[in-house]
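# Overview (structure and organization)
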Amino acid sequence: MPLRPPRCARLLVVAPLLVALWAGSAAPAGARPRDPFDSGVPFVRAFEVADGVPQNTVHTLLLDREGYLWAGTQDGLARYDGRAWTELELPSRERSNFVRFLHQSADGALWVATQGAGLLRWADGAWTSFEPANGFPAERVNAIAETDGPSGHWIWAATHSAGLYGWDGRAWRAWTVAEGLPADRIWPTVFREDDEAE
């Protein structure tokens, strides 16, 4: 036998609906019905360059652990504190200011995948660049992921033409077509736990 709410509870649910219907029918003749959206608070707000976003095409959003909203655009990176946007200048601005993906790692660092300047890491107020000039193989990184398991803690970079790269905190390791990937162009990556993995 299904549980049914007591009659008084059902009356409490129906009563406000009846009052709302009665109030609507009691409007004076000729009066326009009131749109409920006019009296509410907007639930969507659009931000543009005029509001402090570096550029109007946003490719990635990140809500960090401190509650700030980060936006990666085709021309820069900005952080929203609930009141205003603050742009964070990338160290690679002259080569590429195009942000493709954002990730906050377990240690609190902000990782930034760029269109043409490799991978950037923002921690303790300073940038670290991973790019071809210092041994990272790709200028374009499409996505970033993170894993923590029996084989250690890894940051993963999905590159546009050089395969998948993993960072164990000391060095980058490559997985490419030569290691069994179907292609060297990697898009956003999802990792799953595998009980059979070593």
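This text follows the structure it describes.
We now turn to the structure provided with this report. Predicted model only: the values in this text are computed from it and were never measured. (Residues numbered from 1 in each chain as written. Predicted model: local features only at pLDDT ≥ 70, side-chain atom pairs only at ≥ 80, totals over all residues. Heavy atoms only, no water.)

### Considerations on the overall build of the chain
Within the chain one finds two helices and 12 strands. When the 198 residues of the chain are sorted by exposure, 32% land in the buried category. Relative to all contacts within the chain whose residues are 6 or more apart in sequence, the contacts with residues 24 or more apart total 34%. Accessible surface, the chain: about 13300 Å² in total, of which carbon and sulfur atoms supply 55%. (Helix = DSSP H or I, 4+ residues; strand = E, 2+ residues; numbered from the N terminus. Buried < 20%, exposed > 50% of the residue type's maximum accessible area, 1.4 Å probe, protein only. Contact = heavy atoms within 4.5 Å. Areas by Shrake-Rupley, 256 points an atom, 1.4 Å probe, with all protein chains shown as cover.)

### Focus: the packing of aromatic side chains
Within the structure shown, the criterion is met by 13 aromatic pairs. Ring geometry for tyrosine 80 and tryptophan 85: centres 4.9 Å apart, planes at 35°, overall tilted. Assigned by exposure class, tyrosine 80 and tryptophan 85 land together as buried. Measuring from centroid to centroid gives 5.4 Å for phenylalanine 130 and tryptophan 172, while their planes differ by 80°, and the two rings are edge-to-face. Here tryptophan 172 lies in strand S12 (residues 172-175) and phenylalanine 130 lies in strand S8 (residues 126-130), a separation of 42 residues in the sequence. Grouping aromatic residues by their ring pairs yields a cluster made of Trp111, Phe130, Phe136, Tyr165, Trp167 and Trp172. (Phe/Tyr/Trp six-rings, centres within 6.5 Å; stacked < 30°, edge-to-face > 60°.)

### Re the nonpolar core
Of all hydrophobic cores here, the largest spans 16 residues; its most connected members are Trp111, Leu119, Phe130, Phe136, Ala157 and Trp172. Discounting chain neighbours no more than four positions away, the residues touching alanine 157 are Leu119, Phe136, Val141, Ala143, Gly163, Leu164, Tyr165 and Trp172. Formed by 10 residues, the second largest nonpolar core is a distinct cluster that contains Leu62, Trp70, Val99 and Leu110. (Core = buried A, V, L, I, M, F, W, Y, C linked by side-chain atoms within 4.5 Å.)

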